[in-house]
Structures are given as C-alpha cells and as structure tokens.
Amino acid sequence: PERQRHRQQQLGPGGGRALLALLWAVLLAAWEAAWGQLRYSVPEEMPKGSFVGDVAKDLGLQLLELSDRGVRVVSQGRTQYFAVHGKTGHLVTAERIDREQLCRLAEKCVLRCELIVEGQMQIYRIEVEITDINDNAPSFKEIELEERMSETTAPGARFPLAEAHDPDSGRNSLQSYELSGDEHFSLAVQAGPGGDQRPELVLAKALDREEAAFHELVLRASDGGDPARTGTARIRVTVLDANDNAPVFSQAEYTVRVPEDVPVGSTLVTVTATDADDGLNGHVKYSLKKVSDMASDIFHLDTETGDISLLQSLDFEEGGSYELEVQAHDGGSLFDNAKVKITVTDINDNAPMISVRSALNEISEDTPSGTVVALLHVQDRDSGPNGAVRCSLDGNVPFRLEKSFDDYYRVVTARELDREQVSEYNVTVRVADGGSPALQSSAVLYLRVLDVNDNAPVFAEEGYSARVAENNAAGALVLTVRATDADWGQNARVRYRLGEGRVRGAPLSSYVSVQAETGALYALRSLDYEQVRELRLWVLAEDGGAPALSSNVSVLVQIVDENDNAPQVLYPAPAAALGSGSGGAWSGVELAPRWSEPGALVAKVVAVDADAGQNAWLSYELAKATEPGLFRVGLHSGEVRTARSPLARDAARQSLVVVVKDHGRPALSATATLSVVLAESVAELLAELGSAADEAAAPGEPAGSLTRWLVLAVAAVSCLFLAFLLLLLALRLRRWHRQQLLPPASGALRGVPVSHFVGIDGVRAFLQSYSHDVSLTADSRKNQLRLQSERTGTYTSFYAFKLWVIS
Ligand SMILES: *[C@@H]1O[C@H](CO)[C@@H](O)[C@H](O)[C@H]1NC(C)=O
Ligand SMILES: *[C@@H]1O[C@H](CO)[C@@H](O)[C@H](O)[C@H]1NC(C)=O
C-alpha cells in the first residue's frame, strides 16, 4: 500500500484515466512484489544525489541491517547511475542522467540495476524509469538551407525540405512546422510512413528572377512541450534564370548627324540593348544586320560595347546618309532589332574645280567682240552654299565670262583685241565656293594674239632733210630714213623704196637710191650746186603684209655750195676771146677825157661767180696801175673812177690791173686788165688809140713783126668767127624748115635750148657766156643787176668798136 501511495504520488492527480493507470500500477506492483522487484521512476536531468526511491522501506529492511550488512547497487553498464544512501536507505542518483543520451531511440527509457544486500546474500532487482522532460528544442541539421529553383517552375511544385529533429519524446518531441517570409511559397507537411512529419515547400506563385532573384524563408519547427521549444532554419531560395527576356534596345531608331570630316576611328553612336536576364541569358552581343557592302566597309560595330565607329573617312559627296540595322542577341536565341540612321553633314572640303573643256591658244587680233575663246566646266562636289560657285576673271582683261548652261561657262572676247598693245594674255579664271572659309581654285588660259597687218609703217620723223656739200663722192651716204611697223613678223618687215620723180629731166633714181632694208639714202653721182640746188623726193616704206601697207615721207636734200667756181670777168672781155691765150687775164681799152672831174666813171669791171652766197660775193681791187693814185676801183661795184683830175704830165695811156675776188674759203680770184686812154679830143683819142693798139699788143717792146702777127691772128679768128656764124645761121634755118614739116606731136624738142644742140666748143664758149649772162642776171648782186642793161650795151658796142680798132 505504501508502494501504491508512492506510485500515486508519482503519477499525480488525474481523472478517469488516472484511476485506470492507478489500477494498472497496483496490479503491476503486486506482480513485482511477487518477483521481489522494485520499480521507480525519476525525471531526467536531476542533479546528483536526487531521491529516486526508499528502497529500505520498500524492501522492509531495517536501517541498522542495512548499515551493518552492507548494501551495494550494481549496474549492468559501466557507469553507476544510482547509489543507496546508507543512513536513509534511499536510492539516489549518482550521476546526472540524460534520457536522450541513454536511450536514444527507445520510447521508454528504463535503467536496471541490482541491489545486493551482502549480509542476507540477497539480490533485488531495481528498475528505474527515466522520464522525459522537454529539455531539447527541435533542431535542423543545417540552419541554412539552400534551394535553387528555376523561374519557370510552375506554381504547385513541391520541394522536400530537411526535417527537424527533437530527441525528446512524446509531446516534447517535434509537433509542427510553420513557414514564414514570402508569399510565393507555402508549406505542406506530409505524414511519413513512421508517422513522422515531412515538411515540403510548395510554390504558390510563379517566380520571376528579374523581380526577385532570392527569397528568404524561415521554417520553424515546434515541439509540444510546455513551454514549447522551437527550432528554425533559414531557407534561401535562389531563383534560377531562364532566358525569358529578350534584349531591348534603348531606342528603336538611333539618329545621328556627323560632319563628314570626323576622324577615322571615332565613335559615332553607341547602341545599347539591355537584357533583364542573368548570366549568359543576359549577355547581349551586337551585330549588324542587313547592311550594304559599302556601309560595312565604313562602319564597324563593336559586338560587345555597341559602339559604331568609323573605319574609313566619310564623304558627304559619296553618301549622304546610311541606314544600318543592328541586332542585339543574348546568349539564348532572343534578339531585338534597331535602326541606326547616320546622316552625314556636308563640310566645305572640296574646292571647286575648273576644267577647260575646250580653249583656243591663238586668236587673231581682228576677231570680232563676243568670240568664244574657251569653254569651262566648273563644279564643286559640296552641296548647298559650300557647293555654290562664283566664277570671275582676274585683272582687267578684254574678256568676260558668260554662263552657258548648268556649270558651263564661256570665256568670250569683250572687245576687239590689239596685238600691238597686248600680244598675249594669261587669263586667270577664278572660282570660289560659298563656304566659310571659301575654297577656291583657278585656271590660266594662255592666249596668244595673232598679228593682222593693221599698222602701216611709221617714219620716225615727219620729214627728213639733209644738207650735202656739192662735189660729193658718188655713193656717199646722204641720210638714213627709218620707219617702224607695230605689227609682227612679216607684217612688220619694212622695205624702203624711192618715190618716182624727175630732176632736170632725168629720173630721180639716177641721182639717189634708197637701200631697201636699211633705208639708207645714197647719192649716186657727184652733185653740182650750180646745177641742182636741192632734191625733193619721197621715200616709201612698205611692210610685208598681204595686202601690204605703206606710208611715205618727204626728204629734202639740200645741196650746199662750195667755192668751186672762180669769178668770171665779163668785162673787159677776156683776152682768150681776143685770141691772146693768156689764161685769166682780161684786157680792154677805155677812154677817159682829160677834162674829167675826179670821180668820173671811166669803166666798169663786170664779173660774175657761178657760186652762191659768200662764194659769189665779189670784190674788186686795183692791183697795178701805171699812174698810182689816178684811178680807183669801187670795192664792190667794180667801177673804175678817176681819183683826181688827170694832169698833163700823166701819160696818155694808162694800164690798170683789177683783181676780182670772191669771198669763198679759200677765195678764188681773176684779174682784168684795163687800158685807159687819156685824150683831149676825139682826134687825139684816135691817134692815141692807134699807138695804143701797138702798145697794147706788145707793151714795152718795139713795134714790129709781133704786132703784125697779132693783127693777123685776130683777123683770122674774126674771119673764122664770121664763117661760123654763117654756118650756124644756115643750120638753124634748116632745122626751122624741118620743124615746119614735122607733125606737132614731136614738139618735145621744142623746149630744149638751142645751145644743147651745138656741140662745138668755140661757139659754145660764146653762147654760154651770153646765156650765163642772162641766167645769172637774176642772181647777181644788186649793182650788177642795175648795170646789166648798161653793160650789155656797152659790152656789144665796145666789142664791135674794139674789133674794128684791132682790124
Ligand atoms: C603667261 O604665262 C607664261 C607662262 O607662265 C609666261 O611665260 C608669260 O610671260 C605670261 N604672260 C603674261 C602676259 O603674263
Ligand atoms: C604719200 O602719202 C600721201 C598720203 O599719206 C599720198 O597722198 C601721197 O600720194 C603719197 N605720195 C607718194 C609719192 O606716194
């Protein structure tokens, strides 16, 4: 009954079930007692020395017996968990007992030991049940759980989770699980075959790695203890990527404008596509799709970065815009396309170009204004203002530009050209475009102006004149004319020739000639001032053009007098005419009355000089006189006058020698000898004359045979002269008769002076002197002129008189 009471205490209060348990315990105790067996129970984890059971009382042993006889507890294992307290006889724990350690899996943990009472030699079997207390919390083997789940996993899928473990038993063992942390997941607990609980993770909602790549969950396991203990594990669900996202370009169309001069290698635009996927699925690579060959040569797309860079320099003129299609694809098979529009903007990088399509090299100077000289093509590859060209000509040239059509220009002459002013042109055509800065270029047209014979030769002087001294050498250079022709080549080749003309009936060309090339004028013959005073002629200059142009110039050649003629004494008659033959000496007989007053005119020496000017200016001097001082001669008049009245003692016959001199350099002179008879009356005069004739013939010599010879000679000459006159008269008569018979057409000879047909010297001498007398009349000095009529009369009368006297 004590055992039962104790058991009751052990079991504690309980309802009907407690009563039932009590009944069972009573029955068990009765069975045990029968077998001498003790049963106790003690909770685990009691401190050492805790009371288990009062073995002494239960076995009915006296305490003294116990201490005297000796009591031992022997366990089957090595470790002694229990001991008997000698004084009290209580069974106490000898060690701290962990039920979970001792009976790992057993549902009921019972330790057995024997109590040996040595004095009685009795063994009692004791069973101590170790009861569980909730000293262990459920625990997971790993508190961090990793779950990997593809994002494409369908909702409802289940994933077994690690179970928690609680070594406690009964209610103290694991009772339930709960999950917290994420709406995507829920927990399902399956009952295992052994009644154990198996937690499973259930996907409640579709996952999206791009939304959340990880999910953190907490799994809590609880036991049924009081208080309940829990164990947790953290579950990290990694969402595995699925290639469920295509790459997406940031723009559907990329538009860039780049100037054409961007350097090669520079990046024009970067295309970017993003892929929400992860890893390879999110790794975007770019490629060009649908691209022309040309564009693929120019642009390069970096497959990794998406940079579109330039491989070659751009040229707006070759391609103004490009359209590329780029594709971005991920590691899977998803892709996206985008367009890239590259617009190249123009830069003024092209200078305008001129090309000469056709051009003349030579142009005749008489080409009319407006003649096309060149055809140019102008172009600029740029566009807009950069390609707008302006064309102009450099300098002040007689050309202008005309636009023909499109980009063609014509260079035409703006006026007539003149080779003599500008013989060649370098026409610079300049083109500039409208860029900023403007580019320009130029072309030079070389144009030679061809000559046309449009200029006549021009003489250097308006008229030429030269003075040539007479008696020049034949072939002497007189002067040189010079003409120039502004034309070129043959057109400028000047040749000279003499203009037609006649001088004194002879052609001019017999006097002078002009050298055709040099224009030198030569005298062909020795010129005689006394014949030709001057030559007026024309020299023509003619160029070599066709037709030739010519001009003329007047040339005046003045012949300068030289003192080549000595004075010629006309009176007194030259001795030669009297047949005396003494050269240059002239003689005559003059009469002077003895009653003459001083200054009375006795005679006059008449002389002429064929020269001109100083060379013909004569002066008279008395060189010798029988009675010096009786006569004087007028220096310029040649008048012989009495210087005083003749005296009785003066000889009747006076002889005077007068020298006539011109003023040439050197001066030439002639002498005239005068015999003057001084008489009182005519009778005396005649007497004197008779003796004078003798004395005049041989003065100072005794009159004799010489005088007679002289008289004879004079008579002979006179007869001859008379005969000649008669002959001449006959000839004239005959000619006159013939002229009457001839037709008037042949009257050319009529103007010719008679003297030209008389070739006989003697006659000419007479006639020449006569005609000279007449012709020189006009040129002689004033006093000579005045005396002319007087002289002629006197001359003839004296001559006749003298002839008479002599004969
Ligand atoms: C034109 O150019 C040529 C060649 O450069 C040169 O010889 C000539 O003198 C130039 N003529 C003129 C008129 O400038
Ligand atoms: C000289 O030229 C003028 C015109 O300039 C012309 O009238 C004249 O006849 C010419 N004389 C000669 C001799 O050719």
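Conventions adopted
- Residues numbered from 1 in each chain as written.
- Chains lettered and ligands numbered in written order.
- Predicted model: local features only at pLDDT ≥ 70, side-chain atom pairs only at ≥ 80, totals over all residues.
- Heavy atoms only, no water.
- Helix = DSSP H or I, 4+ residues; strand = E, 2+ residues; numbered from the N terminus.
- Buried < 20%, exposed > 50% of the residue type's maximum accessible area, 1.4 Å probe, protein only.
- Contact = heavy atoms within 4.5 Å.
- Areas by Shrake-Rupley, 256 points an atom, 1.4 Å probe, with all protein chains shown as cover.
- Core = buried A, V, L, I, M, F, W, Y, C linked by side-chain atoms within 4.5 Å.
- UniProt positions renumbered as here; feature names shortened; annotations may be inferred.
- Pairing = 2+ DSSP bridges.
- Axes fitted to C-alpha atoms, helices over the stretch in contact; angles between N-to-C directions.
- Disulfide = S-S within 2.5 Å.
- Phe/Tyr/Trp six-rings, centres within 6.5 Å; stacked < 30°, edge-to-face > 60°.
- Polar contact = N/O pair within 3.5 Å; in protein donor to acceptor, adjacent residues only side chain to side chain.
- pLDDT = per-residue confidence, 0-100.
- Patch = residues over 30% accessible without salt bridge, like charges linked within 9 Å, V, L, I, M, F, W, Y side chains within 5 Å.
- Salt bridge = Lys/Arg side-chain N within 4 Å of Asp/Glu carboxyl O.
- Lys, Arg positive; Asp, Glu negative; His and termini not counted.
- Charge placed at Lys NZ, Arg CZ, Asp CG, Glu CD.

The next subject is the overall build of the chain. The secondary structure content of the chain amounts to eleven helices and 53 strands. With 807 residues in all, the chain has 37% of them scored as buried. Once local pairs closer than 6 in sequence are excluded, the contacts in the chain between residues at least 24 apart make up 66%. Carbon and sulfur atoms form 54% of the exposed surface of the chain, whose accessible area is close to 44600 Å².

With 30 residues, the main nonpolar core has Phe459, Tyr496, Leu521, Leu535, Leu537, Val539 and Val555 as its most contacted residues. Those elements that provide at least two residues to this core are β35 (463-469), β36 (477-480), β38 (495-498), β41 (512-514), β42 (520-523), β43 (534-542) and β44 (550-560). The contacts of Leu521, once residues within four sequence positions are left out, are Ala476, Leu477, Val478, Leu479, Leu498, Val512, Ser513, Val514, Leu537, Val555 and Val557. If you look at the next biggest cluster of nonpolar residues, it comprises 26 residues, including Val256, Leu268, Ile298 and Ile342.

Look at the UniProt record and you will see "transmembrane region" (unreviewed entry) annotated at residues 709-731. Here residues 709-731 is 100% helix and 0% strand, with 33 Å between the C-alpha atoms at its ends.

On to the sheet that holds strand β5 (residues 90-93). The strand order across the open sheet formed by three strands is β2-β5-β4, and the pairing between neighbours is antiparallel. One side of each edge strand has no neighbouring strand; the edge strands of this open sheet are β2 (51-54) and β4 (82-85). Across the sheet, the mean angle separating the axes of adjacent strands is 30° when strand polarity is ignored. Two elements, β4 and β5, share four bridges in a ladder whose sense is antiparallel. Residue pairing for β5: Phe82 is matched across the bridge by Thr93.

Another point: the state of the cysteines. Within the structure shown, the criterion is met by one disulfide. The disulfide partner of Cys103 is Cys109, and the gap between their sulfur atoms is 1.6 Å. Its S-S torsion of about 40° marks the bond between Cys103 and Cys109 as right-handed, since a negative value means left-handed. Judged by its relative accessible area of 10%, Cys103 falls in the buried class. By relative accessible area, Cys109 is classed as buried at 1%.

Attention shifts here to unusual backbone geometry. For the peptide bond that leads from Asp226 to Pro227, omega is 0°, which places it in the cis range. Within the secondary structure layout, Pro227 lies in the loop between β15 (214-223) and β16 (230-240).

This paragraph deals with the packing of aromatic side chains. Under the counting rule described, the total for this entry stands at eight aromatic pairs. Ring geometry for Phe140 against Tyr177: centres 6.2 Å apart, planes inclined by 45°, an arrangement best described as tilted. Of this pair, Phe140 sits in strand β8 (residues 139-140) while Tyr177 sits in strand β12 (residues 174-180), placing them 37 residues apart in sequence. Assessed through its relative accessible area of 6%, Phe140 is described here as buried. Ring centres 6.1 Å apart and planes at 40° place the aromatic pair Phe249 and Tyr286 in the tilted group. With Phe249 in strand β17 (residues 248-249) and Tyr286 in strand β21 (residues 285-289), the pair connects residues that are 37 residues apart, well separated along the chain. Across this residue pair, the class does not change: Phe249 and Tyr286 are buried.

What follows deals with the sheet that holds strand β13 (residues 185-191). Taking strand neighbours across the sheet as the criterion, the three strands line up as β10-β14-β13 in an open arrangement whose pairing is antiparallel. The two strands at the open ends of the sheet, each matched to only one other strand, are β10 (158-160) and β13. Along the sheet, successive strands turn relative to each other by an average axial angle of 35°, direction set aside. Relative to strand β14 (residues 197-203), β10 runs antiparallel, the two being bridged by three bridges. Counted as the bridge partner of Pro160 is Glu200 from β14.

To continue, consider the pairing of β42. Inspection of the sheet shows β36 paired to β42 by three bridges, in the antiparallel sense. Considered in β42, the bridge of Leu477 is made with Tyr522. Where β41 lies against β42, three bridges are found, and the strand directions are antiparallel. Considered in β42, the bridge of Val514 is made with Leu521. Between the end of β41 and the start of β42, which pair antiparallel, lie five residues, with Gly519 showing a positive phi angle near 80°.

This part is about the side chain of Ser551. Relative to the assigned elements, Ser551 resides in strand β44. The exposure class assigned to Ser551 is buried, which follows from its relative accessible area of 19%. Among the polar contacts listed, one links the side chain of Ser551 to the backbone oxygen of Pro457, at a separation of 2.6 Å. When near neighbours in sequence (up to four residues on either side) are disregarded, Ser551 contacts Pro457, Val458, Phe459, Val539, Leu540 and Ala541.

Tracing the backbone shows Ile342 in strand β25 (residues 335-345). Sequence separation between Ile342 and Tyr254 is 88 residues, and the spatial gap between their C-alpha atoms is 8.1 Å. Every residue in contact with Ile342, bar those within four places of it in the chain, is listed here: Val256, Val258, Leu268, Phe299, Ile308, Gly320, Ser321, Tyr322 and Leu324.

What follows concerns the confidence of the model for the chain. On average, residues of the chain carry a pLDDT of 82, and 83% of them reach 70 or more. Taken together, the stretch residues 1-14 has pLDDT below 50 and engages in 17 contacts with residues farther than four places along the chain or on a different chain. Counting contacts from residues 696-703, a segment whose pLDDT is below 50, to residues more than four positions away or on other chains yields five contacts.

Moving on: a positive patch on the surface. A cluster of like positive charges, contributed by Arg732, Arg734, Arg735 and Arg738, occupies part of the molecular surface. Locating Arg735 in the fold gives a position in helix α9 (residues 705-741). The partly exposed category is assigned to Arg735, whose relative accessible area is 35%.

For strand β52 (residues 653-661), the buried fraction is high: seven of the nine residues fall into the buried class. In this sheet, β52 lies alongside strand β49 (residues 619-625) in antiparallel orientation, the contact comprising six bridges. Opposite Glu621, over in β52, you have Val659 as the bridge partner. For β52 and strand β53 (residues 669-679), the ladder comprises nine bridges, and the chain directions are antiparallel. Bridge assignment links Lys661 to a residue of β53, and that residue is Ser669.

Along the chain, Asp297 turns up in helix α7 (residues 293-298). Along the sequence, Asp297 and Gln312 sit 15 residues apart, while their C-alpha atoms lie 7.3 Å from each other. When neighbours within four sequence positions are excluded, Asp297 is seen to be in contact with Leu311 and Gln312.

Where nonpolar side chains cluster on the molecular surface, the patch consists of Leu20, Leu23 and Trp24 and spans about 370 Å² of accessible area. Structurally, Trp24 can be placed in helix α2 (residues 16-35).

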